[in-house]
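Fold and contact review
Next come the chains, spelled out residue by residue.
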Amino acid sequence: MKVTYHGHSVLEIQTGEHSVWIDPFINGNGQCKIKVEDVKADVILLTHGHNDHVGDTVEIAKKNNSLVVAPFELANYIGSLGVEVHPMHIGGSRKFSWGKVKFTQAFHGSSYEEEDGKVVYTGMPAGILFSDNNKTIYHAGDTALFSDMKMIGELEKPDAAFLPIGDNFTMGPEDALIAAKWIGAPITIPIHYNTFPVIQQDPESSFAAKLGTKGKALQSGESLNI
């Protein structure tokens, strides 16, 4: 499994035959070095409905005939825009031909603001466990620290964890360090930082370096083989 980080909370996962994206926020993501037309996605997984996570999902999905997998209310909304969806929800898992998805809880919000300013409620936020070829990654989505992260680590034993560190809207570095230790993944990568002034962080000194060999801050466009 090859995972490429594209800034903010965007992950591109190559499983050999398939390309799976999580929260493809490309336009408006100043860290991202690619364009929407560069994205080749068989599947898009969404953690929640905020615009900086749904991002360019609809355009990408229509261009690539991608399947969008998301929590129920968000999936229904995306489906109403003419995209093929598969709704799931927190605690549920499903094996697909391209991998296994399980949604975890996350403590945050979930709504989508349309171009005219209308706000659409999109259900509960979530984290994502994605597994393929006996490897599992945990994308925590936007979340606060919560004690069940210990259980996620104990039961799921992820090979890599991607945790928000931006603070203000999510965990900051201090809480994310606790989360990383509770989850216990061999490698933990910080996400959701430096995209906006209010979430400015130094991912290396404030987080990755403090985890030693178990922490790694990826540059946008950098990949990790798991």
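Residues numbered from 1 in each chain as written. Predicted model: local features only at pLDDT ≥ 70, side-chain atom pairs only at ≥ 80, totals over all residues. Heavy atoms only, no water.

On to the pairing of strand β11 (residues 126-132), then. Taken across its seven residues, β11 has seven buried, putting it largely inside the fold. Residues of β11 alternate between two faces, with Ala126, Ile128, Phe130 and Asp132 on one and Gly127, Leu129 and Ser131 on the opposite face, all of them buried. Taken together, the six bridges between strand β8 (residues 99-105) and β11 define a ladder with antiparallel strand orientation. Bridge assignment links Thr104 to a residue of β11, and that residue is Gly127. In this structure, β11 lies alongside strand β12 (residues 135-139), joined through five bridges in antiparallel fashion. When the sheet's bridge partners are listed, Ile128 is paired in β12 with His139. Here β11 folds back onto β12 in antiparallel fashion, the turn holding two residues, of which Asn133 has a positive phi close to 50°. (Buried < 20%, exposed > 50% of the residue type's maximum accessible area, 1.4 Å probe, protein only. Helix = DSSP H or I, 4+ residues; strand = E, 2+ residues; numbered from the N terminus. Pairing = 2+ DSSP bridges.)

Let us look at the pattern of salt bridges. Taken as a whole and assessed by the stated rule, the structure comprises two salt bridges. Between Glu156 and Lys102 there is a salt bridge, with the nearest N and O atoms lying 2.9 Å from each other. Pair noted here: Glu156 is in helix α4 (residues 149-156) and Lys102 is in strand β8, with a separation of 54 residues, a long-range link. In this structure, Lys216 and Glu222 form a salt bridge, with 3.6 Å as the shortest nitrogen-oxygen distance. (Salt bridge = Lys/Arg side-chain N within 4 Å of Asp/Glu carboxyl O.)

The next point concerns helix α2 (residues 57-64). Residues of α2 that are buried: Thr57, Ile60 and Ala61. One side of α2 carries all its buried residues, which in axial view fall inside an arc of 95°. Where α2 terminates, the next one or two residues include Asn65, which has phi positive at roughly 55°. (Arc of directions from axis to C-beta.)

Examined against the element boundaries, Ser131 turns out to sit in strand β11. Once residues within four sequence positions are removed from consideration, Ser131 is found in contact with Met1, Gly99, Lys100 and Thr136. (Contact = heavy atoms within 4.5 Å.)

Our focus in this paragraph is the packing of aromatic side chains. Enumeration according to the criterion identifies four aromatic pairs in this entry. Between Trp98 and Phe130, the ring centres sit 6.3 Å apart and the planes meet at 15°, which makes this aromatic pair stacked. Here Phe130 lies in strand β11 and Trp98 lies in the loop between β7 (93-96) and β8, a separation of 32 residues in the sequence. A relative accessible area of 7% places Trp98 in the buried class. Here Phe107 and Phe146 contribute two aromatic rings whose centre-to-centre distance is 5.3 Å and whose plane-to-plane angle is 55°, an arrangement assigned as tilted. Here Phe107 is found in the loop between β8 and β9 (111-113), whereas its partner Phe146 is found in the loop between β12 and α4, with 39 residues between them in sequence. One residue, Arg94, lies across the ring of Phe96, its end atom 5.7 Å from the ring centre. (Phe/Tyr/Trp six-rings, centres within 6.5 Å; stacked < 30°, edge-to-face > 60°. Lys NZ or Arg CZ within 6 Å of the ring centre and 35° of its normal.)

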